[in-house]
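Each chain, written out:
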Amino acid sequence: PRFAHAADVLRIVWSRDGGLTWGERKSYESQSTSNLTLPSGELLLLPFHLCRTADGMSGAATLIDSQGECKRAAAPVTVTGWPRPDGPVSFYPAYDLETAKAQKRAFFYFDGQTIRLKNGRYLAALYGTFQGAKRYSVVSAESDDGFRWRYRTVIADERCALTGSEGPCEATLTRLKDGRLMCLFRVVSNTPYGCTFSSDEGATWSAPTSLGKVGSVEPSLITLLDGTVLLSGGRPSLSLWANARGDGASWSSLDLIVHHNLFHNDEALQPNTPQYPAYGGGRSSSYTELIALDAETALCVYDR
């Protein structure tokens, strides 16, 4: 059936000049929307899709060395310690559900930026659905080495008070300049992001609140060295937001569609509207990624 998941294919392309020019695109059998840097300097790409195992979930991981060479990690990434079984929700596509069952795929996924805790461990967010739930939940997992993860706590679950048929999903983490952790997440398309904070290194999280006019899919979040927090995402818009105070409370915005068209009107971006729900015709999925290039410069990547 169309769109049914068959294999994870990762496209890799390199820039050696801060993103000004890019080299040849390569393919690798993997898929990842979350990564971390190991003490060796290698980049570990955490698997998006996981499969069920006897004691939890497991997935193949990719390592990228300082020369840009990719290889399959010898050890899989595992997540254990789950408090209850996972399972599909009613809105999960029926055509993909059969494939998921055949591959013994789990219904939780690594997604978004990882962070280091003060004790040196890694903290990552996963989103997915527990058995019997009607909406997604965002949870956290902790690891000493990046490969062996253990479920830690719920960040925002299906009972979250924020309205949205999908529920908390597509989460991202960052550490604010005051030391608190902040998590932003999608609730449903065309709806503001959900926001929650932790003052105890992710052990507990505040009740989720709405980020107002800032939303709505796959937020990407980083904190610069001066404490400025940058956020990218959107739908129906495509935007870059800045929180200069570094507290996650108030945001100024840059319309990336207007900015793009000012410099690349020959390949203009079009806003997503109800009349054009698909991503064709010069539109964007509004899925973005942010990375800090230095203390005061960031690179934002988006699609058209």
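Predicted model, so just to flag it, every value in this text is computed and none were measured. (Residues numbered from 1 in each chain as written. Predicted model: local features only at pLDDT ≥ 70, side-chain atom pairs only at ≥ 80, totals over all residues. Heavy atoms only, no water.)

Novice: Quick question: what am I supposed to make of the packing of aromatic side chains here?
Specialist: Given two aromatic rings, one states the distance between the centres and the angle between the planes to describe the pair. Applying the stated rule across the entire model yields 10 aromatic pairs. For the ring pair Tyr127 and Tyr136, a centre distance of 5.3 Å and an interplane angle of 85 degrees mean the geometry is edge-to-face. Ring-pair connections join several aromatic residues into one group, and the members of that group are Phe48, Phe91, Tyr109, Tyr127 and Tyr136. Here Arg84 stacks its cationic end above the ring of Phe130, 4.1 Å away from the centre of that ring. Over the ring of Phe197 we find Arg180, and its NZ or CZ is 4.6 Å from the ring centre. (Phe/Tyr/Trp six-rings, centres within 6.5 Å; stacked < 30°, edge-to-face > 60°. Lys NZ or Arg CZ within 6 Å of the ring centre and 35° of its normal.)

Novice: How do you make sense of the sheet that holds strand β8 (residues 70-72) when you look at a structure like this?
Specialist: Sheets are built from strands paired through backbone hydrogen bonds, the pairs being either parallel or antiparallel. The 4 strands are arranged β3-β4-β7-β8 in an open sheet whose pairing can be described as antiparallel. The sheet is open, and its two edges are formed by β3 (34-37) and β8, each paired on a single side. Averaged over all pairs of adjacent strands, the angle between their axes in this sheet comes to 25 degrees, without regard to strand direction. When strand β7 (residues 62-64) meets β8, the two strands line up antiparallel, connected through 3 bridges. Note that in β8 the partner of Leu63 across the bridge is Lys71. (Pairing = 2+ DSSP bridges. Helix = DSSP H or I, 4+ residues; strand = E, 2+ residues; numbered from the N terminus. Axes fitted to C-alpha atoms, helices over the stretch in contact; angles between N-to-C directions.)

Novice: I tried to follow the nonpolar core on my own but got confused; where do I start?
Specialist: Ranked by size, the top nonpolar core spans 25 residues in total, and within it Tyr127, Val138, Leu173, Cys183 and Phe185 carry the most contacts. Contributing elements (two or more residues each) for this core: β12 (122-128), β14 (148-156), β15 (169-175) and β16 (181-186). Trp82, Phe110, Leu126 and Ala141 belong to the second largest nonpolar core, which has 24 residues in total. (Core = buried A, V, L, I, M, F, W, Y, C linked by side-chain atoms within 4.5 Å. Buried < 20%, exposed > 50% of the residue type's maximum accessible area, 1.4 Å probe, protein only.)

Novice: Would you mind showing me how to read the pattern of salt bridges here?
Specialist: Proximity of charged atoms lets side chains of opposite charge pair with each other. Following the criterion strictly, the structure yields 13 salt bridges and no others. For Arg52, the salt bridge goes to Asp86, with nearest N and O atoms at 3.1 Å. Here Asp86 lies in the loop between β9 (77-80) and α1 (94-102) and Arg52 lies in strand β5 (residues 51-53), a separation of 34 residues in the sequence. In this structure, Asp145 and Arg148 form a salt bridge, with 2.9 Å as the shortest nitrogen-oxygen distance. The class of Asp145 is partly exposed, set by a relative accessible area of 24%. Relative accessible area serves as the criterion here: at 60%, Arg148 is assigned to the exposed category. Put simply, Arg121, Glu142, Asp144 and Arg152 are held in one network by salt bridges that share partners. (Salt bridge = Lys/Arg side-chain N within 4 Å of Asp/Glu carboxyl O.)

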